[in-house]
Amino acid sequence: RTAGAKRVTPRGRPRATAAVLPHGVSVNAYKQRPFARSLVLVEYLAGLLGGRYADLLRRLSESTADGGGFLDVLLSFAGRTLPDARLREYDANIRRHEARIAGLRPDFRLTYFQWFAAVLVEMTLDAMKSDEAALLRALDDKRKEHAPFLSPYQPGDLRKLACFMATGSGKTLLLHLNLLQFL
């Protein structure tokens, strides 16, 4: 395409310009994502931790600390509304499950992104257990802000949870940990 050329449909009609959401993604592109609802959940949970998902993940990746150092990174976010004690409890649960798996597989150690995924699962399961209706309302409020074109959340939507990770990132081991979290 040359600079300044107008975009047209195959029939030669001018293409409509897609609306862009506040976070910079076009509405059309966002609607085509099969996991659009999960992005709302991730941004909601990241907000409780005091940031946006990408920012939190970047800070965790820059951490030279191992083990409990990941927790210290999240505790350092100023805008966090999740209480310290709750975050420490989540970390303790994850470490307990990690130790159980490591008992059978000595080389097992969570990476920063696996640990972060486990924290997000802990947060979701805890919110569902303590006040499912409040979680549903909070997600629908976030949906209205983040992706207003999606239909309202329904109670059945809370029964689906997915962790999207790259090939070779250790999803199977994380799934084992997730099973321990759920039980």
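Not measured: the values here are computed from a predicted model.

Q: Would you mind showing me how to read the overall build of the protein here?
A: Counting its regular elements, the protein contains 7 helices and 0 strands. Relative to its 183 residues, the protein shows a buried fraction of 39%. Partitioning the contacts of the protein with sequence separation of at least 6, the portion at a separation of at least 24 is 63%. Accessible surface for the protein amounts to roughly 11,100 Å². Of this, 55% is attributable to carbon and sulfur atoms.

Q: What is the right way to read the packing of helix H5 (residues 84-104) against helix H6 (residues 112-146) from this model?
A: Relative to each other, H5 and H6 sit at 120°, their axes nearing to 10 Å. Our pair here, H5 against H6, has a crossing hand that is right-handed. Residues Arg86, Leu87, Tyr90, Asp91, Asn93, Ile94, Arg95 and His97 of H5 form the contact with H6, whose own contacting residues are Trp115, Ala118, Val119, Glu122, Met123 and Asp126. Among the residues forming the contact of H5 with H6, the class breakdown is 7 nonpolar, 2 polar and 5 charged.

Q: What am I meant to see in the layout of surface pockets here?
A: To find the voids left in a structure, one rolls a probe of water-molecule size over its atoms. Considered as a void within the structure, the second largest pocket measures approximately 680 Å³ in volume. In terms of lining, the second largest pocket is formed by 27 residues, of which the most central are Val121, Leu125, Asn178, Gln181 and Phe182. Every element with two or more residues in the lining of the second largest pocket is listed here: H5, H6 and helix H7 (171-182). Here the lining of the second largest pocket is built from residues that sort into 15 nonpolar, 4 polar and 8 charged.

Q: Looking at this structure, how should I read the pattern of salt bridges?
A: Opposite charge on two side chains allows them to pair when their charged atoms are near. One pass over the structure, following the stated rule, counts 11 salt bridges. Close ionic contact of Arg80 with Asp84 constitutes a salt bridge, the shortest N to O distance being 2.7 Å. Accessibility expressed as a relative area gives 37% for Asp84, which makes it partly exposed. The salt bridge partner of Glu98 is Arg95, with a shortest N-O separation of 2.6 Å. Remark: Arg95 and Glu98 occur in helix H5; sequence separation between them is 3 residues, near one turn of the helix. Its relative accessible area of 4% is what places Glu98 among the buried residues. Connected through salt bridges with shared partners, the residues Asp91, Arg95, Glu98 and Arg109 form a single ionic network.

Cut-offs used in this document
- The residue numbering used here restarts from 1 in each chain and proceeds along that chain's sequence as written.
- Local features in this predicted model are restricted to residues whose pLDDT is 70 or higher, and side-chain atom pairs enter the listing and the counts only when it is 80 or higher, whereas totals over whole chains, interfaces and linings include all residues.
- In computing side-chain properties, one takes all heavy atoms of the structure into account and sets aside hydrogens as well as water.
- By the criteria applied, helices consist of DSSP H or I runs no shorter than four residues and strands consist of E runs no shorter than two, each listed in order from the N terminus.
- Relative accessibility decides the category of a residue: with a 1.4 Å probe and only protein chains considered, values under 20% of the type maximum give buried, values over 50% give exposed, and everything between is partly exposed.
- Whether two residues touch is decided by their heavy atoms; if any such pair falls within 4.5 Å, the residues are in contact.
- Here the Shrake-Rupley method, with its probe set to 1.4 Å, supplies the accessible areas, and only the displayed protein chains count as covering residues.
- Structural elements are reduced to axes, namely lines fitted to C-alpha atoms, with helices fitted over the stretch in contact, and the angle between N-to-C directions of any two is expressed from 0 to 180 degrees.
- If you view the pair so one helix is near and one far, a crossing is left-handed when the near helix is turned anticlockwise from the far one by less than a right angle, and right-handed when it is turned clockwise.
- Three classes are used, and their members are as follows: Ala, Val, Leu, Ile, Met, Phe, Trp, Tyr, Cys and Pro are nonpolar, Asp, Glu, Lys and Arg are charged, and the others, Gly among them, are polar.
- Every definition here rests on a 1 Å grid over the protein atoms only: cavities are sets of points where a 1.4 Å probe fits but cannot get out, pockets are open sets enclosed by protein on both sides within 12 Å along at least five of seven lines, and lining residues have some atom within 4 Å of a point.
- Grid points are joined across faces, edges and corners, and a volume is the space filled by probe spheres set on the points.
- A side-chain nitrogen of Lys or Arg and a carboxyl oxygen of Asp or Glu constitute a salt bridge if their distance falls within 4 Å.

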